[in-house]
Amino acid sequence: MATIGMHFGHDAGAALTQASGYHVIEAERRLGLRHVCGGNERFARNAADWLAELRDRADSPVTRVAVADWYTPVCRVLPPALVDLVGKDAWWARPGGNLLNAVVRPVDLTDWPPADGLGDVELTVVRHHYAHAALAYYTSGARKALVIALDGTGNYAENGMVCLGEGDRLTPVLSFTNRSGPRFGLVYEALARRVHGSQFDTGKLLGLSATGETDPALLPVLRAMLVPQGARTRSPDLYEPLDEAALAGTALRYADSWWEYDPDSGGYLDAGLADSSDDDVVHSYGSVFPDEIRTADGRRTEVGHSPDDRVCRDLAATLQEAVERDLVHLVTGVSARFPGYSTLCYAGGCALNITANSALVESGQFTRVHVPTCCDDSGIALGAALAAADPAERPALTDGAAAARLAYAGDALAVACDGARSSALRAGRTVQTWPTEEAFVEAVARLLADRKCVAWLEGGMETGPRALGHRSLLVSAHWPGARQYVSQTIKGREWFRPVAPLCPAEDAERYFAGPLDHTDTMLFAVRVRPERAELLGEVRHIDGTARLQTVRPTTHPLLHGLCRAVGARTGLPVLINTSANGGGRPILNHLDDALELLAGTALDAVVLPEQRLVVE
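Let me sum up the structure you'll find in this document. (Residues numbered from 1 in each chain as written. Predicted model: local features only at pLDDT ≥ 70, side-chain atom pairs only at ≥ 80, totals over all residues. Heavy atoms only, no water.)

## Concerning the overall build of the protein chain
Definition in use: The numbering of helices and of strands both runs from the N terminus, where a helix is a DSSP run of H or I of at least 4 residues and a strand a run of E of at least 2. The atom set for the radius of gyration is the C-alpha atoms, and the globule formula is 2.2 Å times the number of residues raised to the power 0.38. To sort residues, take the accessible area from a 1.4 Å probe on protein chains only and compare it with the maximum for the residue type: under 20% means buried, over 50% means exposed, and anything in between is partly exposed. A contact between two residues is defined here by any heavy atoms of the two lying within 4.5 Å. Every accessible area reported is derived by Shrake-Rupley at a probe size of 1.4 Å, with residue values counting cover from the shown protein chains alone. When charges are counted, Lys and Arg are positive and Asp and Glu negative, with His and the chain ends excluded. Here the site of a charge means NZ on Lys, CZ on Arg, CG on Asp, or CD on Glu.
Assigned secondary structure in the protein chain consists of 19 helices and 26 strands. The C-alpha radius of gyration computed for the protein chain amounts to 24 Å, which stays within 12% of the reference 25 Å derived for 616 residues, consistent with globular compactness. If one aligns the C-alpha atoms of the protein chain with their principal axes, the spans along those axes are about 75 × 60 × 45 Å. Burial analysis of the protein chain (616 residues in total) assigns 62% to the buried set. A fraction of 71% describes how many contacts in the protein chain between residues 6 or more apart in sequence connect residues 24 or more apart. For the protein chain, the accessible surface area stands at approximately 22,000 Å², while carbon and sulfur atoms represent 48% of it. The average position of the 58 basic charges and that of the 77 acidic charges among the side chains of the protein chain differ by 4 Å.

## Observations concerning the sheet that holds strand S20 (residues 512–513)
How we decide: Strands pair, by our definition, only if DSSP identifies at least two bridges between them.
Taken together, three strands build an open sheet; the order of strands is S20-S21-S22 and the sheet is antiparallel. Two strands close off the open sheet at either side, each with one partner strand: S20 and strand S22 (545–546). Looking at chain direction, S20 and strand S21 (residues 526–528) are connected through two bridges and run antiparallel. Paired with Phe512 across the strands is Val528, a residue of S21.

## Some words on the packing of helix H7 (residues 219–226) against helix H10 (residues 310–337)
As a reminder of what qualifies: All axes here are fitted lines through C-alpha atoms, helices being fitted over the stretch that makes contact, and every angle between N-to-C directions spans 0 to 180 degrees. By definition in this entry, angles of less than 35 degrees are roughly parallel, angles greater than 145 are roughly antiparallel, angles of 65 to 115 are roughly perpendicular, and the rest are oblique. For any helix crossing, the convention is left-handed if the near helix is rotated counterclockwise from the far helix by under a right angle, and right-handed if that rotation is clockwise. The classification used treats Ala, Val, Leu, Ile, Met, Phe, Trp, Tyr, Cys and Pro as nonpolar, Asp, Glu, Lys and Arg as charged, and all other residues, Gly among them, as polar.
Two numbers describe how H7 lies on H10: the axes approach to 9 Å, and their chain directions differ by 55°. Relative to H10, the element H7 lies oblique. The interaxial crossing formed by H7 with H10 has right-handed handedness. Packed against H7, whose contacting residues are Leu219, Leu222, Arg223 and Leu226, the element H10 presents Leu315, Thr318, Leu319, Glu321, Ala322, Val323, Arg325 and Asp326 at the interface. Its residues placed into classes, the contact of H7 with H10 shows seven nonpolar, one polar and four charged.

## With respect to the sheet that holds strand S17 (residues 453–457)
Ordered by their spatial adjacency, eight strands build an open sheet running S16-S26-S25-S17-S18-S24-S19-S23, and the pairing between neighbours is mixed. Two strands bound the open sheet, and with one partner strand each, they are strand S16 (431–433) and strand S23 (549–551). The mean angle between the axes of side-by-side strands here comes to 30°, regardless of whether they run parallel or antiparallel. Pairing between S17 and strand S25 (residues 605–608): three bridges, direction parallel. Note that in S25 the partner of Trp456 across the bridge is Val607. The sheet contacts of helix H16 (residues 482–490) involve S17, strand S18 (471–476) and strand S24 (575–579), and relative to S18 the element is tilted by about 140°. Its contacts with the sheet put helix H18 (residues 557–570) on S17, S18, strand S19 (500–504), S23 and S24, and the angle it makes with S19 is roughly 90°.

So this is what it looks like as C-alpha cells:
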C-alpha cells in the first residue's frame, strides 16, 4: 500500500511514500515560481493531476492521503474538513498540552474534488511541526532518536516541536510557541526582510553575517527578542538566563513608538501582545524588525535596509551568534530532559542554518545529527505522508542509505539522447557525445580545467533548496575569479553569498576540518584548513568556513571521477558547486531551460552525464 502527502502553504507540493521509496513533487519546480503556495491558480489547476501522477507511480493502491494543517486561506483546493479542523477545533489548535491527540487525525474526505480519482482512500490531517519531525526521523535510518523541529511558525503561533523516535513510533513530547520563544525563525526572517526584502532571504542573511562583527551590547537585546527573560527564568535548563544589567534601559523603536525593556515579561513587545491574536504575535515578530535599538550603555543604533550598511552586517553577525548560543543551550537542555538518545534528527526552516547545525554537531551531545535535504517546508508534503503512513509504507533504510535515498527523490530529467541532440541543434549549439563514461568525464574535465563553467544535469532532482550535483553549475576552484564568474557573472548573486566546494570524500581531510562525517548533503559548515586558505580562496567564505559536499565513487561515480580528473589536470580535486538556475528562478529541470541559461548567460556548456552528451 502507499500514502500520498500534500502541503498547501508556501513551498507547496505533493509526495509519495511506499516501501520501494519516495517521490517528491515540489510545486515551485513544476510552476517556475519560487516558494509558491497552494493559493496560486496554477497550483489549483495541477493539484489533481499531481495526485493522479503519484497514484500511477505507486507500486500498489494508495490507501491514504495526508495533508499538512498549515495552509493559505486563498487556496481553492483545500479539503473542507481541514479548514474546519484548524478553524473550529480548539483542542487541535491548542499548542502544548496533550499533543498525542493533536498531531495526526483522520477527517472526512467529502467534497474534496482533487481526490475523486484516487478511489477508496482515507484523508488524514497532520500537524505542521509533526510533519517536519516525521520527515526528519523516518528518513534518517535511525531506530532511536531525539527529534526536534524548529521554524518561523506553523498554525497557532507554534514554532516547533520535540518528539521521541523509537522504532516505528514517533511520540510528541513538547511544543514551542512564538508567544514565549524560541523565536529563532521569526526574528531571523524579520531581519532578512529588512535587509534583503523577503522573509525567504534568510540564506542571504546567513551569508552576510560572515561580513560583520558581533556587537556585545546588542547581543543581549537580540537574545531577549529570541527568548524573553521570563521564559528563560522559568525554564533555565532550556534557555540561558540573561544578565539583567545588560538589559536595563534597553528599548526597541518601531516607527514612532519606543518599546522599553519590560522586567516583568523580560522582553519588549511581549507584554503588549499578551492578549493579541496568534496572527498578531507572528506578524509582530516575523514581519517587522526594529527601526532603532537602544542598548544598556545608552547608545542608539539606527537599523538600515541594505546589506552594504555596516550596521546591518553587524546585526546579522550578532543575530547569528545569538541563535547559535541559544540553540545549542536549548538542544542541550532538551537532551538532558530526555536522556539516552545519541542521534538527533533536526528539521524545519531553522535547520537550513548550516553554521548553527555544525555548532550542534560540535557540542558533543550526539554522535550523529541528521538533517533531511528538504528540511524546510519543501519537505512538509513527504513528512505528512510519512507521519500518516503504516510502517510498511515507509522505506526500510539504513543510516548510510537514508540521506541519498531522499536527496534525489525529485523529478527526473526526462530527455532521451536524440531529443537532447535535436533540441540543442535547433538552438544553434554544437553537440558532442562520447562512447564511454571515461571519455565523457575527461572531456568535461578539460572544459573545467580551461576555466569553463558547465551545467551538470544528472538523474533525479534534488529535494530541498541545495543543488547536490544533479542540477548543478560546476567550475574548477583552481583559478582566481572562479567564484565571481559562476556566482556573480552567470547567476547574478550578491558578492557576499558563499559557494560550495565539491570534493572526493577521501581527500576532504587534506583541505578541511570540522564535522567531515556530516558532509554528504551540504547542510553543515566546515572550516578551510589555514594552510590551505590561499589554495582554496575561491571556495573559502569570508569567515573561513565552507559549505562542503563530499562525494564517493559508490554514490556519485561520475562526479567523483570528474573531481579526480580535474585534480589530475590542475592539482586541485575541488570544484565549485552551485544550483543550476538564473537569478531568482527555481532550480531548473528542463533541457530547454538549461539551453536558455546557456544562451542568455556566460555559461559555457550543458552536460548530460547519462547520455554522455556535451552541449556548447
